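Read off the chains here:
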Amino acid sequence: MKFISATYNQYNSIDITTFDNMILRIDCNKAEDGLKTTPNSQCALNALAIDNPVEYARLALAGELQAWVDAEDCLDVW
């Protein structure tokens, strides 16, 4: 699935438009439910959703949010 655009909205969700003329909505609360985060990685995750919603959507749909969060936590150690 290829995205045309993705935007973060006031309801803490991301609206995605695809080349197939589909409109999807990702609820960030549900996408992040069960993730193990630290305060720093949660802040980075929030910034990702707002500043780069296409990447957030890609990670969420691929089931890779936890791996991204873990990588962010590793960066904080150094």
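A brief structural summary. Given the structure is predicted, the values throughout are model-derived calculations rather than measurements.

Description of helix H3 (residues 53-62)
For step 1, the next point in the chain: All buried positions along H3 are accounted for by Pro53, Tyr56, Ala57 and Leu59. The buried residues of H3 occupy an angular sector of 165° when projected down its axis, which confines them to one face.
For step 2, the next point in the chain: Backbone geometry just after H3 places Gly63 at a positive phi near 75°.

So, the side chain of Ser13
For step 1, the next point in the chain: Tracing the sequence through the fold places Ser13 in strand E2 (residues 13-18).
For step 2, the next point in the chain: For Ser13, a relative accessible area of 3% translates into the label buried.
For step 3, the next point in the chain: When neighbours within four sequence positions are excluded, Ser13 is seen to be in contact with Thr7, Tyr8, Arg25, Ile26, Asp27 and Cys28.

Examining a nonpolar patch on the surface
For step 1, the next point in the chain: On the surface, a nonpolar cluster with roughly 320 Å² of combined accessible area is contributed by Met1, Met22 and Leu61.
For step 2, the next point in the chain: Tracing the sequence through the fold places Met1 in the segment before strand E1 (3-9).

What to know about the nonpolar core
For step 1, the next point in the chain: Among the nonpolar cores identified, the biggest contains 17 residues, and Ile14, Ile16, Leu45, Tyr56, Leu65 and Trp68 are the most heavily contacted of them.
For step 2, the next point in the chain: Mapped by element, the contributors of at least two residues to this core are E1, E2, helix H2 (39-51), H3 and helix H4 (65-77).
For step 3, the next point in the chain: The element best represented in this core is H2, accounting for four residues.
For step 4, the next point in the chain: Once residues within four sequence positions are removed from consideration, Trp68 is found in contact with Ala44, Leu45, Leu48 and Leu59.

What counts and what doesn't
- Residues numbered from 1 in each chain as written.
- Predicted model: local features only at pLDDT ≥ 70, side-chain atom pairs only at ≥ 80, totals over all residues.
- Heavy atoms only, no water.
- Buried < 20%, exposed > 50% of the residue type's maximum accessible area, 1.4 Å probe, protein only.
- Helix = DSSP H or I, 4+ residues; strand = E, 2+ residues; numbered from the N terminus.
- Arc of directions from axis to C-beta.
- Contact = heavy atoms within 4.5 Å.
- Patch = residues over 30% accessible without salt bridge, like charges linked within 9 Å, V, L, I, M, F, W, Y side chains within 5 Å.
- Areas by Shrake-Rupley, 256 points an atom, 1.4 Å probe, with all protein chains shown as cover.
- Salt bridge = Lys/Arg side-chain N within 4 Å of Asp/Glu carboxyl O.
- Core = buried A, V, L, I, M, F, W, Y, C linked by side-chain atoms within 4.5 Å.

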